[in-house]
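# Results of the structural survey
Spelled out from the first residue to the last, the chains are:
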Amino acid sequence: SALQTASIVCGLPYTFVLFWVTQALLVAVKEEAGEVDAERKSLRSFLLSTDFKKHGFFSSAGDIVIAMHVPFLPMARIAGKLAGKDSADRFTFVSATLAWVATLMFIILSAHEEEWMMISASIYVLMASWMGFLRASVRKAVGCDRGNYFTDVLSCMCFYFLALPQMEAELETVVASTNPDGSVVFQNIVVEKAA
């Protein structure tokens, strides 16, 4: 029983790697066939980077540490910006805080009974799905044609502490304005380079 559990636990990370490899292969085949433009717009920074703001190698290290420990803060700021607000979204802040605290609480309770870990994992997957929805919305706001909701959820599930600062940095490149009908429109900020 212990050997079987160990083999499952050791093999689980490779499952996510296989998902990403399969997704990448599918996209490469579509690009080769001409179904998808190979030169379509991508995000400004790479997910596994530590320089999302392009200010130096570790310019985003503080944001990564904050996102790792209190992910509800960047989630609320991102949701607020996507809604066209200058401040964090209160509903996202409160509900994400409750979900994160519940996740941590059930992890602690799992020291007494293992079943609590399944509840904690379920809440974490829901939070990662929510972060994936935010990431998909950010991609749409900045005009990124690469990626899909599945890869957004996987990115947030495995690397939420990198995905959240990346999303915030990407949203710094656009300005939100509200139409008379209440919809939010994003426009790229034109940055002129010094001569």
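All of the points below concern the structure found in this document. Computed from a predicted model, the values in this text were never measured in an experiment.

Summing up its helical and strand segments, the protein has six helices and two strands in all. Seen through its C-alpha atoms, the protein measures out along the principal axes to roughly 65 × 45 × 35 Å. Residues counted as buried form 33% of the 195 residues belonging to the protein. Here the contacts in the protein between residues at least 6 apart in sequence split such that 59% fall between residues at least 24 apart. Per element, the accessible surface of the protein, about 12,200 Å² overall, is 67% carbon and sulfur. Placing the 15 positive and 19 negative side-chain charges of the protein at their respective mean positions leaves the two points 5 Å apart.

Two strands pair when backbone bridges link them, and strand E1 (residues 174-178) and strand E2 (residues 184-188) are joined in this way by five bridges, in the antiparallel orientation. Across the sheet, the residue bridging to Val 175 is Gln 187, located in E2. Linkage of E1 to E2, two consecutive antiparallel strands, is achieved through a turn of five residues, within which Gly 182 is found at a positive phi near 95°.

Between helix H3 (residues 72-82) and helix H4 (residues 90-109), whose axes approach to 9 Å, the crossing angle comes to 155°. What the angle tells us is that H3 and H4 run roughly antiparallel. Like other packed secondary-structure pairs, H3 and H4 cross with a definite hand, here right-handed. Across the interface between the two elements, Phe 72, Leu 73, Met 75, Ala 76 and Ala 79 from H3 touch Thr 92, Phe 93, Ala 96, Thr 97 and Trp 100 from H4. Residues of the contact of H3 with H4, tallied by class, amount to eight nonpolar, two polar and no charged.

A word on the packing of aromatic side chains. Per the stated rule, a full pass over the model turns up seven aromatic pairs. Ring geometry for Phe 19 and Phe 150: centres 5.7 Å apart, planes at 80°, overall edge-to-face. In this pair, Phe 19 is assigned in helix H1 (residues 2-33) and Phe 150 in helix H6 (residues 149-171), connecting sequence segments 131 residues apart. On the accessibility criterion, Phe 19 (37% relative accessible area) is partly exposed. Given the relative accessible area of 41%, Phe 150 is considered partly exposed.

Counting residues in hydrophobic clusters, the biggest one holds 33 residues, and the most contacted among them are Ile 78, Leu 82, Leu 164 and Met 167. In terms of residue count, H6 provides more of this core than any other element does, eight residues in total. Contact partners of Ile 78, with chain neighbours within four places excluded, come to Leu 134, Val 138, Leu 164, Met 167, Glu 168 and Leu 171.

If you walk through the whole model with that rule in mind, you get five salt bridges. We note a salt bridge from Asp 152 to Arg 135, for which the minimum N-O separation is 2.9 Å. Taken together, the positions of Asp 152 in helix H6 and Arg 135 in helix H5 (residues 115-142) put the pair 17 residues apart, joining distant regions of the chain. The class of Asp 152 is buried, set by a relative accessible area of 0%. A residue is classified by how much of its surface remains accessible, and Arg 135, at 8% relative accessible area, is buried. Salt bridges here are not isolated pairs; linked through shared partners, they connect Arg 135, Arg 139 and Asp 152.

Scoring rules and cut-offs
Residues numbered from 1 in each chain as written. Predicted model: local features only at pLDDT ≥ 70, side-chain atom pairs only at ≥ 80, totals over all residues. Heavy atoms only, no water. Helix = DSSP H or I, 4+ residues; strand = E, 2+ residues; numbered from the N terminus. Buried < 20%, exposed > 50% of the residue type's maximum accessible area, 1.4 Å probe, protein only. Contact = heavy atoms within 4.5 Å. Areas by Shrake-Rupley, 256 points an atom, 1.4 Å probe, with all protein chains shown as cover. Lys, Arg positive; Asp, Glu negative; His and termini not counted. Charge placed at Lys NZ, Arg CZ, Asp CG, Glu CD. Pairing = 2+ DSSP bridges. Axes fitted to C-alpha atoms, helices over the stretch in contact; angles between N-to-C directions. Parallel < 35°, antiparallel > 145°, perpendicular 65-115°, else oblique. Left-handed = near helix turned anticlockwise from the far one by under 90°. Nonpolar A, V, L, I, M, F, W, Y, C, P; charged D, E, K, R; others polar. Phe/Tyr/Trp six-rings, centres within 6.5 Å; stacked < 30°, edge-to-face > 60°. Core = buried A, V, L, I, M, F, W, Y, C linked by side-chain atoms within 4.5 Å. Salt bridge = Lys/Arg side-chain N within 4 Å of Asp/Glu carboxyl O.

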